[in-house]
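Now for the letters of each chain:
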Amino acid sequence: MRWYAHRSRRSLLVLEVVVDNARNDKEVAIKLVANPGTSQDVSFRALRKHTDYTLLSGQIEEPEERRSQAVSVGVAYSTLPDVIEVSGGDVETVTFLMAVRTTIQGDSQYPAVDALQDLEGAIAAKHSLFHEHQQEWQKIWGEGGFEVGGNVELAAVVNSSMYWLLSSARADWPWSLSPGSLASNGYNGHSFWDCETWMFPPLLLTHPIVARSLLEYRHRHTAGAALKALSYRGEMCNASAPPAPLLSSFGGVASRGGGGGIAGCGYEGLMFPWESAFTGNEVCPIAGSTCWFEQHISGDVAFAVWQYYEASGDELWRRSVGFPLVAGIAKFWASRVSGGPHSFSIAGVIPPDEYAYNVTNSAYTNAVARFSLLTALEWGEELGIALPSEWASIANGLPIPFDRERGIHLEYDGYTNDTIKQADVILLGFPLMVPMQQSRRKNDLIFYSEVTDPNGPAMTWSMTAVGYLEIVRDEPSAFAKAAYYFERSFANAQKPFLVWTETPTGGTVNFITGVGGFLQGVAFGYGGLRLRAGVLCFGAAHLLPNSTSLVMRGINYHGASLDVSMDASGERTFSVTKAGPNQLVLCSQEGQLLLLPGSPLVLSSEVPANVTVGACSW
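Conventions adopted
Here the residue numbering is sequential within each chain, running from 1 through the sequence in written order. Only residues with pLDDT of 70 or above have their local features reported here, since the model is predicted, and side-chain atom pairs are shown and tallied only from 80 upward, although totals for entire chains, interfaces and linings are computed over all residues. Hydrogens and water are ignored here; the side-chain numbers use all heavy atoms of the structure. Definition used in this section: a nonpolar core is a set of buried Ala, Val, Leu, Ile, Met, Phe, Trp, Tyr and Cys residues joined via side-chain atoms within 4.5 Å. The rule is simple: take the accessible area with a 1.4 Å probe, protein chains only, and divide by the maximum for that residue type; under 20% is buried, over 50% is exposed, in between is partly exposed. Throughout, a residue-residue contact means that at least one pair of heavy atoms, one from each residue, lies within 4.5 Å. Working definition: rings of Phe, Tyr and Trp (its six-membered ring) pair if their centres are within 6.5 Å, and the pair is stacked with planes under 30 degrees apart, edge-to-face with planes over 60 apart, and tilted otherwise. Under the scheme used here, helices are H or I runs from DSSP no shorter than 4 residues and strands are E runs no shorter than 2 residues, and both carry numbers assigned from the N terminus. We call a charge positioned above a ring when the Lys NZ or Arg CZ atom is no farther than 6 Å from the ring centre and deviates by at most 35 degrees from the ring normal. Put simply, the grid is 1 Å and covers the protein atoms alone, a cavity is a trapped set of points that fit a 1.4 Å probe, a pocket is an open set with protein on both sides within 12 Å along at least five of seven lines, and lining residues have an atom within 4 Å of a point. Grid points are joined across faces, edges and corners, and a volume is the space filled by probe spheres set on the points. Any residue that is not Ala, Val, Leu, Ile, Met, Phe, Trp, Tyr, Cys, Pro, Asp, Glu, Lys or Arg is counted as polar, Gly included; the first ten are nonpolar and the last four charged. For two strands to pair, DSSP has to find at least two bridges joining them. Helix axes are fitted to C-alpha atoms over the stretch in contact, other axes to C-alpha atoms as well, and angles between N-to-C directions run from 0 to 180 degrees. Under the convention used throughout, the expected extent of a helix is 1.5 Å for every residue step, that is, one less than its residue count. Starting at the helix axis, one direction is taken to each C-beta atom, and the arc is that of these directions. Two N or O atoms form a polar contact when they lie within 3.5 Å of each other; inside protein one atom must be a possible hydrogen donor and the other a possible acceptor, and for residues adjacent in sequence the pair counts only when both atoms belong to side chains. To count as a disulfide, a pair of cysteine sulfur atoms needs to be within 2.5 Å. Salt bridges, as used here, are contacts in which a Lys or Arg side-chain nitrogen is within 4 Å of a carboxyl oxygen on Asp or Glu. Roughly parallel covers angles under 35 degrees, roughly antiparallel covers those over 145, roughly perpendicular covers 65 to 115, and oblique covers all other angles. For any pair of crossing helices, the crossing counts as left-handed if the nearer helix is rotated counterclockwise from the farther one by less than a right angle, and right-handed if it is rotated clockwise.

### Describing the nonpolar core
Move 1: The biggest cluster of nonpolar side chains holds 150 residues, and the ones touching the most others in it are Trp500 and Phe518.
Move 2: Apart from residues no more than four positions distant in its own chain, Phe518 is found in contact with Leu154, Val157, Val158, Ser161, Ser462, Phe486, Ser489, Phe490 and Trp500.
Move 3: If you look at the next biggest cluster of nonpolar residues, it comprises 14 residues, including Tyr4, Leu55, Leu97 and Leu129.

Right under this line is the structure:
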């Protein structure tokens with residue numbers, strides 16, 4: 001029996017039952033019993049019952065909000081026979097098909113009509129469906145990925161992790177990802193910072209068009225981000241308490257003060273919801289404090305937007321999509337801060353460490369707020385679009401708390417030695433790449449790895465591994481520590497199918513947030529990759545633990561595609577598999593070298609090298 005969601009026919013579910021009676025000379029009859037079940041979410045009615053198929057039309061029982069669209073659903077499925085009869089000596093494959101279409105944006109205006117059309121097309125091509133499916137996956141797999149040699153078990157985790165990400169997203173489906181992927185209803189299927197911070201980067205490297213579709217979700221749902229910003233009261237309302245939301249429920253803005261919050265109050269710009277789904281409005285459970293106070297997600301979106309532009313070089317996209325997002329997010333942070341004119345703070349937040357509550361000057365939150373403001377100003381200048389000059393003062397006046405006595409960044413003002421849930425301060429070093437002395441990077445890694453909850457989500461350990469690999473040159477013991485934490489980073493991939501759980505003992509399944517963090521450990525940790533302004537950096541690279549080779553296939557940069565491979569010889573080979581619109585060059589201590597298809601370049605894996613467009617900037 002083989003069941004699959006068809007990759008190229010995105011509405012189609014396929015079940016193939018193979019009855020092998022080749023070794024028997026008597027007929028076999030297999031009785032089938034239909035188990036249609038019922039739906040608690042969709043109210044269906046039969047439009048047509050044909051001898052070959054059934055056509056249903058339905059509507060969801062409860063829209064996300066009272067005034068939001070009630071999504072319609074069309075389902076067409078082939079008729080299930082009462083019995084499968086196979087003669088002696090024969091092998092027969094029976095195929096059952098179902099097509100599902102909806103009125104979700106980007107799918108169908110007439111879902112029942114389109115579902116039936118999809119089913120009829122699939123019935124006509126049923127003998128080639130699996131071949132089509134295989135071909136599409138071969139194409140996707142060939143576009144990019146990571147190959148690990150000499151360690152079959154680790155290679156299986158890497159490959160299955162890439163599959164979990166790719167099977168959850170599509171280039172032609174501009175919606176976000178949820179921590180539990182499509183495998184469960186974990187976190188109610190909502191989208192969080194997990195998408196932009198953890199899942200997005202590996203897809204950006206290898207499948208940039210898929211990554212772009214994830215950002216398109218944010219671009220299409222800026223109305224919800226603007227609504228959330230307006231729904232808060234802050235210092236402009238002379239409130240004595242920390243900023244608090246005015247939402248009476250997540251179905252809309254409270255009636256006091258009118259439909260847009262109290263007149264003259266609320267924040268400006270784009271404050272993306274902590275949890276969003278169909279409408280793009282905040283859908284966090286009403287009792288959840290994270291939905292009110294965990295606000296770094298807006299900066300996370302801005303950082304992902306910057307990453308996409310730097311990787312793609314797509315100027316049209318930056319002007320039409322990227323800049324409006326980043327500028328809107330910067331406008332939010334400018335209205336969110338308090339203080340001035342040279343010293344600012346952000347109070348009343350929850351940092352990535354969700355054990356902390358209602359804190360001031362979260363190091364991570366302030367860092368992404370700074371990034372948003374400075375990136376908006378830089379892009380505005382480059383695009384000839386004027387933005388408020390005081391944003392620079394705000395960015396430069398936001399502190400990153402630091403304890404000089406211990407030589408560590410503090411998670412927030414007043415932080416002591418409290419247990420933390422997950423990676424937080426160490427994210428300053430990567431992915432944010434906040435400039436700091438290496439001694440401070442080392443101190444942060446040592447201190448926070450000792451106070452992190454050992455039962456927290458796995459992304460922490462992949463980021464710890466990345467950090468230790470950054471300091472290997474000056475700290476020989478760091479390599480062993482990196483291997484230790486890297487091994488912990490995929491302990492949640494559960495056998496036999498390497499499905500991820502949120503924690504080593506359970507939690508949300510299939511937890512692709514952990515998948516994304518693990519794959520970042522492969523590419524940015526052992527692979528040594530960094531995406532910086534105007535350059536794709538390859539730092540010192542290392543083989544993964546107990547492996548003999550590493551190939552990073554289809555690394556995309558400015559429309560070109562690179563394979564970067566290394567083995568036990570200590571050499572790293574750069575091969576252009578697809579040329580882009582502009583000439584790429586490799587910059588290293590050996591000089592400037594042209595990257596051309598069919599002309600691999602070989603350097604020591606210990607030698608840093610940068611890939612850029614046009615010419616090296618020494």
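### Considerations on the packing of aromatic side chains
Move 1: For the coordinates displayed, the defined rule picks out 33 aromatic pairs.
Move 2: Plain terms: the ring middles of Phe192 and Trp274 are 5.8 Å apart, the flat faces sit at 85° to each other, and that makes the pair edge-to-face. Placement of the pair is Phe192 in the loop between α3 (152–166) and α4 (193–206) and Trp274 in the loop between β11 (244–245) and α7 (289–293), with a sequence separation of 82 residues.
Move 3: Using a relative accessible area of 5% as the deciding quantity, one classes Phe192 as buried.
Move 4: Among the aromatic residues, those joined into a ring-pair cluster are Phe486, Phe490, Trp500, Phe518 and Tyr526.
Move 5: The ring of Phe402 carries Arg440 above its face, with NZ or CZ at 4.1 Å from the centroid.

### Topic: the layout of surface pockets
Move 1: Roughly 1,200 Å³ of volume is contained in the second largest pocket.
Move 2: What lines the second largest pocket is a set of 39 residues, and nearest its centre among them are Gly429, Met433, Val434, Arg530 and Arg532.
Move 3: When residues of the lining of the second largest pocket are traced back to their parent elements, those giving at least two are α8 (297–312), α10 (363–383), α12 (438–451), α13 (459–470), α15 (512–526), β19 (529–532) and β20 (535–538).
Move 4: Top element by residues in the lining of the second largest pocket is α10. It accounts for seven residues.
Move 5: Broken down by class, the residue content of the lining of the second largest pocket amounts to 21 nonpolar, nine polar and nine charged.

### Details of the sheet that holds strand β2 (residues 12–20)
Sheets are built from strands paired through backbone hydrogen bonds, the pairs being either parallel or antiparallel.
Move 1: Taken in spatial order, the six strands line up as β1-β2-β8-β6-β5-β4 in an open sheet, and their pairing is antiparallel. A single partner strand is all that each edge strand has here, and the edge strands are β1 (2–5) and β4 (42–49). Strand-to-strand, the axes of this sheet are offset by a mean angle of 15°, without reference to chain direction.
Move 2: Pairing geometry for β2 and strand β8 (residues 91–102), over nine bridges, is antiparallel. The residue bridging Glu16 from the neighbouring strand is Thr95, located in β8.
Move 3: Here helix α1 (residues 111–124) sits on the sheet in contact with β2, β4, β5 (53–60), β6 (72–78) and β8, set at roughly 160° to β8.
Move 4: Running over the sheet, helix α2 (residues 129–143) touches β1, β2 and β8 and is turned about 55° from β1.

### What about helix α14 (residues 478–489)?
Move 1: In a regular helix each residue adds 1.5 Å, so 12 residues correspond to 16 Å; α14 covers 16 Å between its end C-alpha atoms and thus fits that length.
Move 2: Every buried residue of α14 is listed here: Ala478, Ala482, Tyr485, Phe486 and Ser489. The arc that holds the buried residues of α14, viewed along the axis, is 105°, so those residues lie on one side.
Move 3: Residues of α14 that are buried make contact with α3, α12, α13, β17 (499–503) and α15.

### Quick word on the side chain of Glu196
Move 1: Looking at the element boundaries, Glu196 is found in helix α4.
Move 2: Side-chain polar atoms of Glu196 contact the side chain of Arg218, separated by 2.7 Å.
Move 3: Residues contacting Glu196, with those up to four places away along its chain left out, are Pro201, Leu215, Arg218, Asp300, Val301 and Ala304.

### Observations concerning the state of the cysteines
Note: disulfide means a covalent bond formed between the sulfur atoms of two cysteine side chains.
Move 1: Counted according to the given criterion, the structure contains one disulfide.
Move 2: Bridging Cys587 to Cys616, the disulfide has an S-S length of 1.9 Å. Taking the sign of the S-S torsion, -95° for the link of Cys587 and Cys616, the bridge is left-handed. Linking Cys587 in strand β24 (residues 584–588) with Cys616 in the segment after β27 (609–613), this pair joins segments that are 29 residues apart in sequence. The same class applies to Cys587 as to Cys616, namely buried.
Move 3: Cysteine Cys195 is unpaired, with the sulfur of Cys284 as its nearest cysteine sulfur at 17 Å.

### A few points about the pattern of salt bridges
Move 1: Counted according to the given criterion, the structure contains 20 salt bridges.
Move 2: Here Glu153 makes a salt bridge to Lys495, at a shortest N to O gap of 3.9 Å. Of the two residues, Glu153 is situated in helix α3 and Lys495 in the loop between β16 (493–494) and β17; the sequence distance between them amounts to 342 residues. Residues Glu153 and Lys495 agree in their burial class; the two are exposed.
Move 3: A salt bridge links Glu382 to Arg318; its shortest N-O distance comes to 2.5 Å. Remark: Arg318 occurs in helix α9 (residues 315–336) and Glu382 occurs in helix α10; sequence separation between them is 64 residues.

### Here we look at the packing of α12 against α13
Move 1: Where α12 meets α13, the axes come as close as 10 Å, and the angle between the chain directions of the two elements is 150°. As far as their axial angle goes, α13 and α12 are roughly antiparallel. As α12 packs across α13, the resulting crossing turns out to be left-handed. Residues Gln438, Arg441, Leu445, Ile446 and Ser449 of α12 touch α13, and the partners they reach there are Trp461, Thr464, Gly467, Tyr468 and Glu470.

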